[in-house]
Amino acid sequence: TTMRSELGKMSLDQTFKDRDALNLAIVTAIQAAASNWGVEALRYEIRDIQAPKSIKESMDKQAEAERRKRAAILDSEAEQLSEINVAEGRKRAQVLASEAALQERINSAKGEALAIEAVAEATANGIRQLSTAIKAE
């Protein structure tokens, strides 16, 4: 009766998982009932719990459903990470392309500035030579 009472307090899944706690609860209950007789229960062990076939099938279906659920969650998380990685890659590509375009404009501007300086220097040299030639005459 004590064992049935303790088993009734738990779900079937808990009885499979928490045998130690169940054994301890039964020992405690037996101790309380038997202490007046001078009997001490030291240990109680549930070795095997055999559920009816229909309950076992139900538990198997529940476990399978839980495995499928975890697999679906992992698949969706993997897909999400994949999409994030693709988006990050596109973002980085755009940033690099923008930086490359900026560097290209900077280099072009520097080239034009050097060309203008070279033309100005050549013009100045030409004017100096002309001025020297005029003064020499």
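Predicted model, so just to flag it, every value in this text is computed and none were measured. (Residues numbered from 1 in each chain as written. Predicted model: local features only at pLDDT ≥ 70, side-chain atom pairs only at ≥ 80, totals over all residues. Heavy atoms only, no water.)

1. Remarks on the pattern of salt bridges
This is how the line gets drawn: For this analysis, a salt bridge means a side-chain nitrogen from Lys or Arg found within 4 Å of a carboxyl oxygen belonging to Asp or Glu. The secondary structure listing takes helices from DSSP runs of H or I that are at least 4 residues long and strands from runs of E that are at least 2 residues long, numbered from the N terminus. With a 1.4 Å probe rolled over the protein chains alone, any residue whose accessible area is under 20% of its type maximum counts as buried; one over 50% counts as exposed, and the rest are partly exposed.
Under the definition given, this model contains four salt bridges. Of the charged contacts, one joins D60 and K56 as a salt bridge, the two residues approaching to 3.7 Å between their closest N and O atoms. Note that D60 and K56 are positioned in helix α4 (residues 53–136) at a spacing of four residues, about one turn of the helix. Using a relative accessible area of 45% as the deciding quantity, one classes K56 as partly exposed.

2. Considerations on helix α3 (residues 19–34)
This is how the line gets drawn: The span one expects for a helix is its residue count, reduced by one, times 1.5 Å. This arc is built from the directions going out from the helix axis to the C-beta atoms.
Here α3 is 16 residues long and its end C-alpha atoms lie 22 Å apart, about the 22 Å a rise of 1.5 Å per residue gives. Buried within α3 we find L22, N23, I26, V27 and A34. Angularly, the buried residues of α3 cover 135° about the axis, an arc narrow enough to put them on a single face. Facing away from the buried side of α3 by over 90 degrees, the exposed positions are L24 and A32.

3. Considering the environment of N36
Assignment of secondary structure puts N36 in the loop between α3 and α4. N36 gets classed as exposed once you look at its relative accessible area, which sits at 70%.

4. Let's talk about the environment of T132
Using the following cut-off: The term polar contact refers here to a pair of N or O atoms within 3.5 Å; inside protein, the definition further demands a hydrogen-donor-capable atom paired with an acceptor-capable atom, and it admits residues adjacent in sequence only when both atoms are side-chain atoms.
Mapped onto the elements, T132 comes out in helix α4. Residue T132 is classed as exposed on the basis of its relative accessible area of 53%. Between the C-alpha atom of T132 and that of L42, which follows or precedes it by 90 residues, the distance is 123 Å. Side-chain polar atoms of T132 contact the backbone oxygen of R128, separated by 2.7 Å.

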